[in-house]
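Architecture and fold: a report
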Amino acid sequence: MSGFTVAIVGRPNVGKSTLFNRLIEQRKAIVDNISGVTRDRQYGVCEWNGRKFNVIDTGGFVAKTDDVFEKEIKKQVHIALEEANLILFVCDTATGITGQDEDMTILLRRSTKPVLLAVNKVDNSERALEATEFYALGFDQTFFISSISGSGTGDLLDEITKYIPMEEAAIEEQREDWNAMVEEGMREGEEWLEGQNFDDLNETLYEEEAELIEEDWELEDEKDEDGASYDKAPRAQIGLPKIAIIGQPNAGKSTLLNALIGQDRTIVSNIPGTTRDSIHTQYKLFGKEFILIDTAGLRKKKNVHEDLEFYSVIRAIKAMDEADICMMIIDSEKGITAQDISIFSLATRKGKGIVIMMNKWDLVEKETNTARDYEAMIKQRIAPFNDVPVIFISATEKQRIFQGIEKALQVYDARNRRIKTSALNDAMLKEIQYYPPPMSRGHAVKIKFATQLPTAFPTFVFFANHPDAIKDAYKKFLENKIRSHFDFNGVPIRIFFRKK
């Protein structure tokens with residue numbers, strides 16, 4: 001990843017995730033008193049005294065172990081150490097120096113990167129005295145901190161910012177100086193600015209900024225396959241697409257993420273519930289750029305008994321709220337279940353674009369029309385909203401996984417599409433005239449016109465003389481006609497009626 005990066009490492013249960021959350025000022029990593037909560041690498045950004053740097057949270061390092069998760073966590077720690085520019089080694093003063101701390105020390109001594117030792121849980125003067133034994137580890141820079149209260153973290157951050165390269169620091173200082181000069185110029189008047197000879201620079205900046213604004217915010221007129229015009233909001237205007245990978249435990253979500261980015265970003269095992277945190281990964285390959293969010297598996301609420309799984313589910317739902325598109329992973333061997341339908345309904349209610357990906361398709365016995373019949377069965381189960389793309393993939397074999405990404409980006413574009421009011425009425429009023437809404441209490445229900453609202457996902461309002469008399473069946477008819485005229489495949493549509 002680009003920019004100065006700090007990796008937080010140490011043995012299990014010393015408070016690495018608590019420190020990570022404090023540095024990035026978010027409750028991003030799950031924290032619990034039991035050992036081994038964190039498994040995958042978590043990334044965040046910390047800002048201190050005007051300097052920004054990346055922070056990596058890692059799982060607890062255990063050098064000698066037969067546990068499947070601890071072996072995978074060890075690999076994740078090594079990856080973090082390679083990515084980092086500076087290493088923050090966290091220990092626990094409550095337990096003193098342990099054999100695992102010494103194993104970590106031996107590993108860090110082989111590294112050429114600077115290491116800062118942070119002795120955590122130093123909450124009082126007695127523990128501060130006990131923490132002095134960590135000088136025996138032989139690190140030049142040792143800090144006594146408390147991740148929960150924040151004690152000592154200021155001095156630690158001051159030291160970290162000293163390691164940020166001068167080029168990046170100079171850029172930040174130039175930005176600060178420029179902002180200060182502009183503010184001073186606003187206070188003292190234009191005469192001061194004229195004396196500093198900033199005219200050419202300002203002119204260039206204003207021209208470049210104007211070009212960016214025109215490029216980012218100007219709407220382009222395009223036409224769909226049926227010739228209907230619509231306004232397409234460029235991606236630069238609305239940020240990078242965020243795609244959440246959701247589904248039940250052990251459906252293959254983390255395997256898919258690793259296959260897409262070509263590296264072991266998350267730990268994968270056959271044990272359900274392997275992923276706990278929601279893992280954000282920026283994808284920038286083959287001319288495409290977006291953010292992938294791997295989430296914990298969602299089980300039925302009655303089956304969630306542990307606090308850790310509860311927190312994982314909460315973060316998975318928050319990731320769904322944050323995302324634009326949900327790639328829903330279903331185990332093809334098990335087929336679509338009631339829990340899958342519940343997850344699908346949750347994403348639909350939140351207005352997210354949806355792509356259904358049937359994973360482990362390589363393990364299913366197939367005949368000529370197996371995929372066609374399977375897709376028909378899925379769409380029957382998820383009705384009434386069944387205008388959803390279904391792709392049959394194998395994450396382990398990397399079959400059709402990039403086709404799924406292509407489809408997800410198409411759904412993203414459809415979700416942000418804005419239909420011109422003239423084009424919408426040209427298409428829909430003809431349909432309404434051909435098949436008008438049923439009469440209500442002897443009165444004819446007339447729909448005058450329709451328009452699309454500027455919301456996060458497609459929402460249309462139809463103006464009628466008796467809006468309350470229009471039934472749900474006719475609302476569904478209008479939705480189907482909108483879908484037939486305009487491409488909203490995979491995108492939920494909301495329709496409202498108002499009195500005209």
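In this text the structure is predicted, and so the values were computed from the model without any measurement.

Before going further, it helps to examine the overall build of the protein. A tally of helices and strands in the protein yields 16 helices and 18 strands. Counting over 500 residues, the protein shows a buried share of 48%. In the protein, the share of contacts with a sequence separation of at least 24, taken over all contacts with a separation of at least 6, comes to 68%. As displayed, the protein offers around 25800 Å² of accessible surface, 48% of which is attributable to carbon and sulfur atoms.

Glancing now at the pattern of salt bridges. Counted under the stated rule, the structure contains 14 salt bridges. The salt bridge partner of Asp387 is Arg483, with a shortest N-O separation of 3.2 Å. In this pair, Asp387 sits in the loop between helix H13 (370-382) and strand S14 (390-392) while Arg483 sits in helix H16 (residues 472-485), placing the two residues 96 residues apart along the sequence. The residue Lys476 makes a salt bridge to Glu479 at a minimum N-O spacing of 3.6 Å. You can see Lys476 and its partner Glu479 sitting in helix H16, three residues apart, about one turn around the helix. Counted as one network, the salt bridges with shared partners bring together Asp387, Lys476, Glu479 and Arg483.

Attention now moves to helix H3 (residues 99-109). Considered for burial, the residues of H3 that qualify are Asp101, Met104, Thr105, Leu107 and Leu108. Looking down the long axis of H3, one finds its buried residues gathered within 160 degrees of arc, a one-sided arrangement.

Note: α-helices contain 3.6 residues per turn, so residues at a spacing of three or four share the same orientation. In a regular helix each residue adds 1.5 Å, so 14 residues correspond to 20 Å; H16 covers 20 Å between its end C-alpha atoms and thus fits that length. All buried positions along H16 are accounted for by Tyr474, Phe477, Leu478, Glu479, Ile482 and Arg483.

Read across the open sheet, the three strands follow the order S16-S17-S18; overall the sheet is mixed. This sheet does not close on itself; its edge strands, each paired only once, are strand S16 (447-453) and strand S18 (494-499). Each strand of the sheet is rotated relative to its neighbour by a mean of 25 degrees, with strand direction disregarded. Where strand S17 (residues 459-464) and S18 come together, six bridges link them in parallel fashion. Within S18, the position partnered with Phe462 by the bridge is Phe497. Contacting S16 and S17, helix H15 (residues 421-434) crosses the sheet at an angle of about 140 degrees to S16. Contacting S16, S17 and S18, H16 crosses the sheet at an angle of about 120 degrees to S18.

What follows deals with the packing of aromatic side chains. The full count for this structure, using the stated rule, is 12 aromatic pairs. A centroid spacing of 5.9 Å and a plane angle of 25 degrees characterise the contact between Phe344 and Phe385, whose relative ring orientation is stacked. Of this pair, Phe344 sits in helix H12 (residues 338-349) while Phe385 is found in the loop between H13 and S14, placing the two residues 41 residues apart along the sequence. With a relative accessible area of 8%, Phe385 lands in the buried category. Feature note: the residues Trp361, Tyr374 and Phe392 constitute an aromatic cluster, connected by ring pairs. Taking the ring centre of Phe139 as reference, the NZ or CZ of Arg109 above it sits at 5.4 Å.

What follows covers the confidence of the model for the protein. Predicted confidence across the protein gives a mean pLDDT of 77, with 74% of residues reaching 70 or more. This model gives residues 196-237 a pLDDT under 50, and the stretch forms 54 contacts once residues within four places in sequence are excluded. With pLDDT under 50 throughout, residues 302-309 is counted as low confidence; its partners more than four residues away or in other chains account for 11 contacts.

A few words on the sheet that holds strand S1 (residues 5-9). The sheet built from six strands is open, its strands ordered S2-S3-S1-S4-S5-S6 with mixed pairing. A single partner strand is all that each edge strand has here, and the edge strands are strand S2 (42-48) and strand S6 (141-144). Ignoring strand direction, the axes of neighbouring strands in this sheet form an average angle of 25 degrees. The sheet contacts of helix H1 (residues 16-24) involve S1, S2, strand S3 (51-57) and strand S4 (86-92), and relative to S3 the element is tilted by about 155 degrees.

Core analysis: the largest hydrophobic core is formed by 50 residues, its most contacted members being Leu256, Leu292, Ile447, Phe462, Leu478 and Ile482. When residues in this core are grouped by element, the largest group, seven residues, is from helix H14 (residues 401-415). Once residues lying within four places of it in the same chain are set aside, the contact partners of Leu478 are Met428, Ile432, Ile447, Phe462, Ile495 and Phe497. Within the second largest apolar cluster, 29 residues are counted, among which are Leu298, Ala319, Cys326 and Val388.

Another aspect to go through is unusual backbone geometry. That bond from Ala383 to Pro384 is cis: its omega, 15 degrees, falls within 30 degrees of zero. Among the structural elements, Pro384 can be located in the loop between H13 and S14. Of note, Lys121 is a non-glycine position whose phi angle comes to about 65 degrees, a positive value. On the secondary structure map, Lys121 appears in the loop between strand S5 (115-120) and helix H4 (125-130). Taking relative accessible area as the criterion, Lys121 reaches 25% and is therefore assigned partly exposed. Backbone geometry at Lys398 places phi at a positive 60 degrees, although glycine is not the residue there. Structurally, Lys398 can be placed in the loop between S14 and H14. Taking the relative accessible area as the measure of exposure, Lys398 reaches 47% and is therefore partly exposed.

Conventions used here
Residues numbered from 1 in each chain as written. Predicted model: local features only at pLDDT ≥ 70, side-chain atom pairs only at ≥ 80, totals over all residues. Heavy atoms only, no water. Helix = DSSP H or I, 4+ residues; strand = E, 2+ residues; numbered from the N terminus. Buried < 20%, exposed > 50% of the residue type's maximum accessible area, 1.4 Å probe, protein only. Contact = heavy atoms within 4.5 Å. Areas by Shrake-Rupley, 256 points an atom, 1.4 Å probe, with all protein chains shown as cover. Salt bridge = Lys/Arg side-chain N within 4 Å of Asp/Glu carboxyl O. Arc of directions from axis to C-beta. Expected span 1.5 Å × (residues − 1). Pairing = 2+ DSSP bridges. Axes fitted to C-alpha atoms, helices over the stretch in contact; angles between N-to-C directions. Phe/Tyr/Trp six-rings, centres within 6.5 Å; stacked < 30°, edge-to-face > 60°. Lys NZ or Arg CZ within 6 Å of the ring centre and 35° of its normal. pLDDT = per-residue confidence, 0-100. Core = buried A, V, L, I, M, F, W, Y, C linked by side-chain atoms within 4.5 Å.

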